[in-house]
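Listed here are the chains, written in short residue letters.
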Amino acid sequence: MPYSFDDELSPIASMLPPLDVRDVTAARATLAAMGGPDAAPSPPPGVTAEWATVPGPPGAPDVKVLVMRPRKASGPLPAVLFMHGGGYVLGSAGTMQDMPALLAGEAGVLVASVDYRLAPEHPYPAAPDDCYAALVWLAKEAATLGADPERIAVAGTSAGAGIAAAVALMARDRGGPPLCFQLLDSPMLDDSLTTSSARAFTGAPLWASSSNEDAWRHYLGARAGEPAPPYAAAARATDLTGLPPAFVAVASYDPLRDEGIDYARRLTDAGVLTELVLYPGTFHGSSGAVREAAVSRRARADLVAAVVQGVAP
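Criteria and thresholds
- Residues numbered from 1 in each chain as written.
- Predicted model: local features only at pLDDT ≥ 70, side-chain atom pairs only at ≥ 80, totals over all residues.
- Heavy atoms only, no water.
- Phe/Tyr/Trp six-rings, centres within 6.5 Å; stacked < 30°, edge-to-face > 60°.
- Helix = DSSP H or I, 4+ residues; strand = E, 2+ residues; numbered from the N terminus.
- Buried < 20%, exposed > 50% of the residue type's maximum accessible area, 1.4 Å probe, protein only.
- Lys NZ or Arg CZ within 6 Å of the ring centre and 35° of its normal.
- Pairing = 2+ DSSP bridges.
- Axes fitted to C-alpha atoms, helices over the stretch in contact; angles between N-to-C directions.

Draft legend 1. Spotlight on the packing of aromatic side chains. This structure, assessed with the given rule, holds 10 aromatic pairs. With a centroid separation of 3.9 Å and 5 degrees between ring planes, the pair formed by tyrosine 88 and tyrosine 219 is classed as stacked. In this pair, tyrosine 88 sits in the loop between β3 (77–83) and α3 (98–107) while tyrosine 219 sits in helix α8 (residues 209–220), placing the two residues 131 residues apart along the sequence. Across the pair, tyrosine 219 and tyrosine 88 agree in class, each one buried. Ring centres of phenylalanine 201 and tyrosine 253 lie 5.8 Å apart, and the angle between their planes is 80 degrees; on these two criteria the pair is classed as edge-to-face. Residue phenylalanine 201 is found in the loop between α7 (196–200) and α8, and its partner tyrosine 253 is found in strand β7 (residues 246–253); the two are separated by 52 residues along the sequence. Here phenylalanine 201 matches tyrosine 253 in class, with each residue buried. Grouping aromatic residues by their ring pairs yields a cluster made of Tyr3, Phe5, Phe201, Tyr253 and Phe283. Lying over the aromatic face of tryptophan 51, lysine 64 brings its terminal NZ or CZ to 4.2 Å of the ring centre. Positioned over the ring face of tyrosine 132 is arginine 174, at 4.9 Å from the centre of the ring.

Draft legend 2. The arrangement of the sheet that holds strand β5 (residues 147–157) in detail. One open sheet accounts for eight strands, arranged β1-β2-β4-β3-β5-β6-β7-β8; its pairing is mixed. One side of each edge strand has no neighbouring strand; the edge strands of this open sheet are β1 (47–54) and β8 (274–283). Between one strand axis and the next, the sheet turns by 20 degrees as a mean value, whatever way the strands run. Bridge count for β1 against strand β2 (residues 63–70) is eight bridges, and the pairing is antiparallel.

The following block contains the structure:
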């Protein structure tokens, strides 16, 4: 189908084919060649970063967390548990530092970015279990970290936003650490692949319908073909009451668009204070691919502002 991309995005969009994740090893090699090795933290000026190793889920390995904070911070800071994107199969906290660094530097919060296990080697529930374990650690060690245990949020992009939504459900259901906010940026929430956008955007840049289908198959593993559990696909949750306030951002030409919109509507129906923003002419990951476009700058500024408001005392 034809796409009416934003004027500043259009020249780049035509150069970005959908990411092929049928062969995860090859897709990871492609991204590594583009982004360099997963090396030491490289935060921007004004932000510090250091790795921490935290207890993993019962019977599972420890989890690495990249902790970023404003360099001149004073007093207990609001904290954000962040989950990177990558369709549940790609990326790492080390190679995807831009958004955590932005939130630490611009929103003035402590960000703990989780290096969760990836599928298909580690299918569901490895990723949300790792991230929930990191949340428990963050709340328990808040004083040591200089964080405020009363102001902890979850955030993520794409698959990471799907995990953030799942962790919010887990914290509610398990009586876990209280959350004050959830930031869901282009969330990957629905394994059913039945929304209009999931069916329509077969040739969208970076993340097309085929990428979506393959990623869910890898993530669900032996469960693929069956309705996913709610902690794997938050769209499957039947009860959204009692969840923290949410900011949901979606891109207009993204297979994930409609599931984000529907989740925001259902949160609102459940009495959860929710803000939804759709960015016209954009595609999945466009704010990172074309950072200087006006719509990209606006999207990043909105995310920062949402976090500032969401963790305000």
